[in-house]
Amino acid sequence: MNAIEVTILSIIIMIGLGYFLKRIDFLSEKDIDPFNKIVMYILMPCMIFHAIYSADLSLLSKLGILPFIILASSFATGIVSYIILKRLKLDDIKLWSVLVTVMIANTAFMGYPVTLGIYGSEGFLRAIFCDMATLCIFLILSFVLILKFGGTVKTAVKKITFFPPLWAVVLGLGFNFLNIPIGPVIDNTVNYLGQGAIPLIMIALGLSIDFSALSRSKSMIAFTSVMKLMFFPAVAFIIATQLGLVDLQYKVSIVEAAMPSGMMSLLLTITYRLDYELTSDCILINTVISLITLPAIILLL
């Protein structure tokens, strides 16, 4: 087996384990929230910090193009989707519930394990830069939804300011540039915690699978799957090709763009009282579909 097959099969097994544990009532959907909190507030920040802190950042200026590709692809997908959804005469709540789903990619929860498994630490570092774009998209959509559906700018700024992965990036860059030693004990501790992020993410993903969603929201599931899993990476491919990207820069940017819809889109729909059930259905099903589309795209690169 090559690295691609091993990584994808490992991810499928971990997701399948989560689904199996739900089916035998060992775990339930109620466990998803605490799992996600552990990942978001402890494990993922440790993984991001350790990767950036130990990385060679001499290529920082070169890596800066990666967030632009994800941002441009997201906005292109969002604009085209908005025009189509308007023509379908969807009400604003459903329209924005779908729009956030196609614009926010799962560049972290799915992107990190895939790029780390296939492209190693160098690929993982590039995935972190791609995920910075997803964070920017999340922040921009937060302010748009505040203006559209109410809420306070103060609340949005507070959530953004205390977003743990953001601080992991800032501290990782700061400690690396200033060459601040953290000692072998802290280094090992942070590394061990970071290694726990991927299996916990995958098991939580398996717990969230609900195939009954296919009958509830099939038309919008089909729409979001096409726009997120096909159109979004196609735009990234065009941009990356036009910019002359090669090797890991080229591959990671397209693979990250090909990720399914991100869980942060669900956070937006819940926060601003949109149709979170519709968003959840779309995320879950196109995540399952991505287990087919992702390997195909990776093999083509």
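Sequence order sets the numbering: in each chain, residues are counted from 1 along the sequence as written. Totals for whole chains, interfaces and linings use all residues, but because this is a predicted model, local features are given only for residues with pLDDT of at least 70 and pairs of side-chain atoms are given and counted only at 80 or more. Where side-chain values are given, they derive from all heavy atoms of the structure, hydrogens and water being excluded.

A. Quick look at the side chain of T101. Labels follow the DSSP assignment, with helices taken as runs of H or I lasting at least four residues and strands as runs of E lasting at least two, numbered in each case from the N terminus. Along the chain, T101 falls in helix α5 (residues 92-103). Sequence-distant contacts of T101, defined by excluding residues within four places in its chain, comprise T224, K228, S261, S265, T279, C282, I283 and N286. Only heavy atoms enter the contact rule, under which two residues are in contact if any of them lie within 4.5 Å.

B. Region of interest: empty space enclosed by the protein. With a 1 Å grid spanning the protein atoms alone, the term cavity applies to any set of points in which a 1.4 Å probe fits but cannot get out, the term pocket to an open set with protein on both sides within 12 Å along at least five of seven lines, and the term lining residue to any residue with an atom within 4 Å of a point. Grid points are joined across faces, edges and corners, and a volume is the space filled by probe spheres set on the points. Across all of its chains, the model carries one cavity of 30 Å³ or more by this definition. Its boundaries defined by the atoms lining it, the largest cavity holds a volume of some 60 Å³. Residue lining of the largest cavity: I32, N36, F109, I201, A204, L205, S208 and M263, and that is the complete set. Listed by contribution, the elements that provide at least two residues to the lining of the largest cavity are α2 (32-53) and α10 (197-208). With four residues, α10 is the largest single contributor of residues to the lining of the largest cavity. Amino acid classes used here: Ala, Val, Leu, Ile, Met, Phe, Trp, Tyr, Cys and Pro are nonpolar; Asp, Glu, Lys and Arg are charged; the rest, including Gly, are polar. When the residues that make up the lining of the largest cavity are grouped by side-chain class, the tally is six nonpolar, two polar and no charged.

C. The arrangement of the packing of α2 against helix α8 (residues 164-177) in detail. Contact geometry for α2 and α8: axes closest at 8 Å, N-to-C directions at 25°. Classified by the angle their axes make, α2 and α8 are roughly parallel. In terms of crossing hand, the pair formed by α2 and α8 is right-handed. Contacts between α2 and α8 pair M40, Y41, P45, I48, F49, I52 and Y53 from the former with P164, P165, A168, V169, L171, G172, L173, F175 and N176 from the latter. To get an axis, a line is fitted to the C-alpha atoms, and for a helix only the part in contact is used. The angle between two axes follows their N-to-C directions and goes from 0 to 180 degrees. The scheme is simple: roughly parallel for angles under 35 degrees, roughly antiparallel for over 145, roughly perpendicular for 65 to 115, oblique for anything else. Left-handed describes a crossing whose near helix is turned anticlockwise from the far helix by less than a right angle; the clockwise case is right-handed.

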